[in-house]
Each structure stands twice: as structure tokens, then as C-alpha cells.
Amino acid sequence: FPSHDMKFTGNEDHSISLSDAAELTANYRETLISSTEAIAEFFGKDALLNLLNQTACVGVRIYYGLDSTGAKKIVLVGADADGNDLYEGALMERGAICPILCSADNPLNS
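This section reports on the structure supplied with the text. The shown structure was predicted, so the numbers you read here are calculated from the model rather than taken from an experiment. (Residues numbered from 1 in each chain as written. Predicted model: local features only at pLDDT ≥ 70, side-chain atom pairs only at ≥ 80, totals over all residues. Heavy atoms only, no water.)

Description of the overall build of the chain
For clarity, the cut-off: By the criteria applied, helices consist of DSSP H or I runs no shorter than four residues and strands consist of E runs no shorter than two, each listed in order from the N terminus. When a residue's accessible area, from a 1.4 Å probe over protein chains only, is under 20% of the maximum for its type it is buried; when over 50% it is exposed; and in between it is partly exposed. Areas reported here follow the Shrake-Rupley algorithm with a probe of radius 1.4 Å; residue values treat only the protein chains shown as occluding. Under the counting rule used here, the positive set is Lys and Arg, the negative set is Asp and Glu, and His together with the chain ends is not counted. Every charge is mapped to an atom, namely NZ of Lys, CZ of Arg, CG of Asp or CD of Glu.
When helices and strands are tallied, the chain shows two helices and five strands. Sequence-ordered secondary structure for the chain, helices as α and strands as β, is α-β-α-β-β-β-β. C-alpha atoms of the chain, sized along the principal axes, occupy 40 × 30 × 25 Å. Put simply, the chain has 110 residues, and 22% of those count as buried. Summed over all atoms, the accessible surface of the chain reaches about 8,100 Å², with 58% contributed by carbon and sulfur. Charge separation in the chain, taken as the distance between the mean sites of 7 positive and 16 negative side-chain charges, equals 5 Å.

Here it is as C-alpha cells:
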């Protein structure tokens with residue numbers, strides 16, 4: 001990943017094997033206090049493309065947050081080549097929460 005003097009390009013490799021991804025998500029599910037806590041969120045293609053197609057956007061930064069009830073949330077913001085948040089542009093939250101709206105059982109969620 002870029003150091004402070006390097007630029008992001010949008011071509012960084014973030015790939016992970018299915019077995020490593022399944023291990024990470026299983027570790028997370030095992031730490032949950034309640035089976036109703038979020039294990040994933042879905043965001044639609046059009047919303048993601050709107051975020052990514054902003055001028056100067058080369059990627060997405062994901063912030064972790066909590067709402068007023070203490071529920072986990074994520075906030076997505078575009079980022080430029082210097083790694084700066086495009087916070088005055090499109091921001092995303094309110095993904096479709098799993099459990100409730102989940103994929104069929106697979107190695108990442110069960």
C-alpha cells in the first residue's frame with residue numbers, strides 16, 4: 001500500500017482467497033454478542049458507481065460507526081489519489097443489513 005509520499009492509483013490489489021475470507025468472516029461471527037448483529041451490508045451497483053465516478057475518485061474508504069442505538073454501521077466515501085476523502089461528494093450508508101437481507105448460505109456467511 002502507498003506510503004505517505006506515494007499515490008493511490010485505483011489499481012491496488014486487494015484480493016484474498018476464499019479460505020482466508022471465510023476464516024475472517026467466521027472469526028467475526030464467533031465474536032458477536034447477538035445473532036441479530038450485522039455481519040454484512042449490501043450496497044447497490046448504481047450507488048457504488050455514483051460514488052466511484054466522482055471526479056478525482058480512485059477508490060473507496062470505509063469508516064466504521066455506531067448509530068444512536070449502538071448498532072454497527074459503515075460509511076463509504078470516495079478517496080482521491082492522495083488518499084484524501086471526497087467528503088463533500090457522495091457519501092453512502094444504509095446498506096441492506098444481514099441478518100435480515102442475506103445471501104444464501106456460503107463460506108462467507110455460515
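After that view of the structure, there is still more to cover.
A look at helix α1 (residues 18-31)
Quick reminder of the rule: Helix span, as expected, comes to 1.5 Å for every residue beyond the first. This arc is taken over the directions from the axis of the helix to the C-beta atoms.
Between its first and last C-alpha atoms α1 spans 20 Å; for 14 residues at 1.5 Å apiece the expected length is 20 Å, and the two agree. Buried within α1 are the following residues: Ala21, Ala22 and Ala26. On an axial view of α1, the arc spanned by its buried residues comes to 130°, and they lie on one face. With respect to the buried face of α1, the exposed residues turned more than 90 degrees away are Leu24 and Thr31.

Section: the state of the cysteines
So the rule is basically this: To count as a disulfide, a pair of cysteine sulfur atoms needs to be within 2.5 Å.
This structure, assessed with the given rule, holds one disulfide. What pairs with Cys98 in a disulfide is Cys102, and their sulfur atoms sit 1.9 Å apart. An S-S torsion of about 105° defines the bridge between Cys98 and Cys102 as right-handed. Using a relative accessible area of 40% as the deciding quantity, one classes Cys102 as partly exposed.

Notes on the pairing of strand β2 (residues 59-66)
Each regular strand shows side chains that alternate between the opposite faces of the sheet. Defined as follows: Whether two strands pair comes down to DSSP finding at least two bridges between them.
Direction of pairing for β2 relative to strand β3 (residues 72-79): antiparallel, over a ladder of eight bridges. From the neighbouring strand, Tyr64 faces β3, where its bridge partner is Ile74. What sits between β2 and β3 in their antiparallel hairpin is a turn of five residues, with Gly70 showing a positive phi close to 90°.

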